[in-house]
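Chain by chain, the residues:
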Amino acid sequence: MVYDTLIIGGGPCGYTAALYAGRADLKILVLEKGTAGGQMSTTDHIDNYPGFPDGTDGYSLASAMERQAARFGAQTVQAEVQKVQLDGPVKTVTAGGKDYCARTVIVAAGASPRELGFEEERRLRGKGVSYCATCDGVFYRGKTVAVVGGGDTAAVDALFLTRFCEKVYVVHRRDALRAAKEYQKRLFANEKVELIWDSVVERILADGNVTGLRLRNKKTGEIRELPCQGVFIAIGSVPNTAFLEGQLPLDEEGYVMAGEDTATPLAGVFAAGDIRRKAFRQIVTAVSDGATAAKMAEESLMHLRS
Ligand SMILES: Cc1cc2nc3c(=O)[nH]c(=O)nc-3n(C[C@H](O)[C@H](O)[C@H](O)COP(=O)(O)OP(=O)(O)OC[C@H]3O[C@@H](n4cnc5c(N)ncnc54)[C@H](O)[C@@H]3O)c2cc1C
């Protein structure tokens with residue numbers, strides 16, 4: 001069987017693509033290695049997705065998106081994509097040891113936040129550990145938080161958090177930031193921000209919720225405990241592109257080089273959502289990409305048939 005469109009990844013982007021493609025009467029299949037919803041399914045409070053005045057939790061939103069796409073014919077196979085062959089008129093995607101063929105492919109495999117790597121880190125997600133200041137900053141109104149990192153994301157997150165928090169520490173392992181000079185100037189000028197240089201996190205301290213960080217100064221070896229109620233880890237994210245090596249152009253960080261129209265250099269192949277090189281990675285931007293990719297796939301199929 002040759003599908004019209006295979007969608008790799010069942011996050012908000014993938015299921016929005018499935019919804020639009022299903023409503024356009026395309027024969028589609030979603031390949032998802034885990035549970036529906038992608039990154040958002042790991043958070044229990046989403047306050048910035050329109051249509052939910054009281055917010056919602058990631059799991060409910062994910063399963064609603066999956067059910068809505070299923071109503072228009074989107075089926076999901078739970079399997080990890082290991083290999084793709086994307087050139088030519090019929091593309092082959094290998095998942096769970098089986099080959100799936102389609103005329104168009106939407107790659108929506110997302111990204112994963114880079115973790116510090118502590119055992120307690122995952123347990124404390126939503127209990128003081130966050131990877132997204134835009135998403136969670138407002139929950140820390142009046143509190144003391146630490147941002148770990150030294151690049152643009154860490155600087156922007158720290159500046160954003162000063163809107164709500166009483167105090168924002170920036171913990172960086174070097175003695176200079178990598179962030180753009182403009183952000184650095186604003187950080188140094190902000191009274192709420194305190195930079196902690198040359199320091200790495202040894203442990204996240206908690207009593208059920210985050211209570212602080214244990215830090216080690218790399219130059220002096222000094223250990224200190226930094227009380228805080230939240231830690232925002234801003235050390236980058238890792239795009240899920242291992243299976244795309246050699247098939248699609250990736251940027252220096254591994255994100256797929258595709259424009260706002262989600263088109264890639266390969267005819268009939270689209271990259272959408274967090275996996276794409278883009279400025280802002282959120283649920284709303286992922287669903288927007290998903291809709292665009294489905295429309296592009298539909299147009300490319302029309303072109304093939306005419
Ligand atoms: C903890 C956390 C909280 C967040 N909170 C918010 C928030 O409150 N508001 C907001 O707007 N954004 C939030 N975000 C960001 C938001 O979740 C992402 O921007 C969004 O999920 C991206 O959607 P996506 O579909 O492009 O990718 P993803 O959500 O990453 O989904 C990709 C899917 O592809 C699957 N996949 C990956 N590789 C393969 C493979 N080889 N084979 C098969 N399947 C594969 C994954 O399992 C995953 O389900 C949060 C992110 C995190 C990590």
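Model, not experiment: these values are computed from the prediction. (Residues numbered from 1 in each chain as written. Predicted model: local features only at pLDDT ≥ 70, side-chain atom pairs only at ≥ 80, totals over all residues. Heavy atoms only, no water.)

**Focus: the state of the cysteines**
Now for step 1: Going through the model one piece at a time under the given rule, you end up with 1 disulfide.
Now for step 2: With a sulfur-sulfur separation of 2.0 Å, cysteine 132 is cross-linked through a disulfide to cysteine 135. Its S-S torsion of approximately 65° makes the covalent link between cysteine 132 and cysteine 135 right-handed.
Now for step 3: Of the residues examined, cysteine 132 reaches a relative accessible area of 19% and is grouped as buried.
Now for step 4: Lacking any disulfide linkage, cysteine 228 is separated from the closest cysteine sulfur, that of cysteine 165, by 10 Å. (Disulfide = S-S within 2.5 Å. Buried < 20%, exposed > 50% of the residue type's maximum accessible area, 1.4 Å probe, protein only.)

**What about the sheet that holds strand β13 (residues 210–217)?**
Now for step 1: Strand order in the open sheet formed by 3 strands is β12-β13-β14, with antiparallel pairing between adjacent strands. Two strands lie at the open edges of the sheet, namely β12 (199–206) and β14 (223–227), each paired on one side alone. The sheet shows a mean angle of 25° between the axes of neighbouring strands, taken without regard to direction.
Now for step 2: In this sheet, β14 lies alongside β13 in antiparallel orientation, the contact comprising 5 bridges. (Pairing = 2+ DSSP bridges. Helix = DSSP H or I, 4+ residues; strand = E, 2+ residues; numbered from the N terminus. Axes fitted to C-alpha atoms, helices over the stretch in contact; angles between N-to-C directions.)

**Digging into the sheet that holds strand β11 (residues 193–196)**
Two pairing modes exist for strands in a sheet, parallel and antiparallel, and in both the strands are linked by backbone hydrogen bonds.
Now for step 1: Taken together, 5 strands build an open sheet; the order of strands is β8-β15-β9-β10-β11 and the sheet is parallel. The strands lining the two open edges of the sheet, one partner per strand, are β8 (129–130) and β11.

**Re helix α7 (residues 283–305)**
Now for step 1: Over its 23 residues, α7 extends 33 Å from the first C-alpha to the last, a length consistent with the 33 Å expected when each residue adds 1.5 Å.
Now for step 2: What α7 keeps buried is the set Ile283, Thr285, Ala286, Val287, Asp289, Gly290, Ala291, Ala293, Ala294, Ala297, Ser300 and Leu301.
Now for step 3: Where α7 is buried, its residues contact β1 (2–8), α1 (12–23), α2 (58–70), β6 (98–107) and β17 (269–271). (Expected span 1.5 Å × (residues − 1). Contact = heavy atoms within 4.5 Å.)

**Points about the UniProt feature "domain: FAD/NAD(P)-binding" (unreviewed entry) in the chain**
Now for step 1: The positions UniProt marks with the feature "domain: FAD/NAD(P)-binding" (unreviewed entry) are residues 3–290.
Now for step 2: The span residues 3–290 carries 21% helix and 30% strand; its end-to-end C-alpha distance comes to 18 Å. (UniProt positions renumbered as here; feature names shortened; annotations may be inferred.)

**A few points about the side chain of arginine 276**
Now for step 1: Turning to its location among the elements, arginine 276 is positioned in the loop between β17 and α7.
Now for step 2: If near-sequence neighbours (up to four positions away) are discounted, arginine 276 is found in contact with Tyr255, Val256, Ala258, Gly259, Glu260, Thr262, Ala271, Arg281 and Asp289.

**Some thoughts on the packing of aromatic side chains**
Now for step 1: Enumeration over the complete set of coordinates arrives at 4 aromatic pairs.
Now for step 2: Geometrically, the ring pair formed by tyrosine 49 and phenylalanine 52 is tilted, given 6.3 Å between the ring centres and 35° between the ring planes.
Now for step 3: The exposure class of phenylalanine 52 is partly exposed, given its relative accessible area of 32%.
Now for step 4: For the pair tyrosine 140 and phenylalanine 232, a centre-to-centre distance of 5.3 Å together with 75° between the ring planes defines the contact as edge-to-face. Residue tyrosine 140 is found in the loop between α4 (133–136) and β9 (144–148), and its partner phenylalanine 232 is found in strand β15 (residues 230–233); the two are separated by 92 residues along the sequence. (Phe/Tyr/Trp six-rings, centres within 6.5 Å; stacked < 30°, edge-to-face > 60°.)

**Thoughts on the pairing of strand β5 (residues 91–95)**
Now for step 1: Of all 5 residues that make up β5, 5 are buried, and the element is covered over most of its length.
Now for step 2: Alternating residues of β5 divide into Lys91, Val93 and Ala95 and Thr92 and Thr94, and every residue in both groups is buried.
Now for step 3: By the bridge criterion, 4 bridges tie strand β4 (residues 81–85) to β5 in an arrangement that is antiparallel. Within β5, the residue paired with valine 84 across the bridge is valine 93.
Now for step 4: Counting the residues that bridge the hairpin from β4 to β5 gives 5 residues, and of these glycine 88 lies at a positive phi of roughly 85°.
Now for step 5: Pairing between β5 and β6: 5 bridges, direction antiparallel.

**So, the packing of α1 against α7**
If you want to describe how two helices pack, look at the angle between their axes and the distance between the axes.
Now for step 1: The geometry of α1 relative to α7 is characterised by a closest axis approach of 7 Å and an angle of 35° between their N-to-C directions. Between α1 and α7 lies a crossing whose hand is right-handed. Two secondary-structure elements touch here, α1 through Pro12, Cys13, Thr16, Ala17, Tyr20 and Ala21 and α7 through Ile283, Ala286, Val287, Asp289, Gly290, Ala291 and Ala294.
Now for step 2: For the contact of α1 with α7, the residue count by class is 10 nonpolar, 2 polar and 1 charged. (Left-handed = near helix turned anticlockwise from the far one by under 90°. Nonpolar A, V, L, I, M, F, W, Y, C, P; charged D, E, K, R; others polar.)

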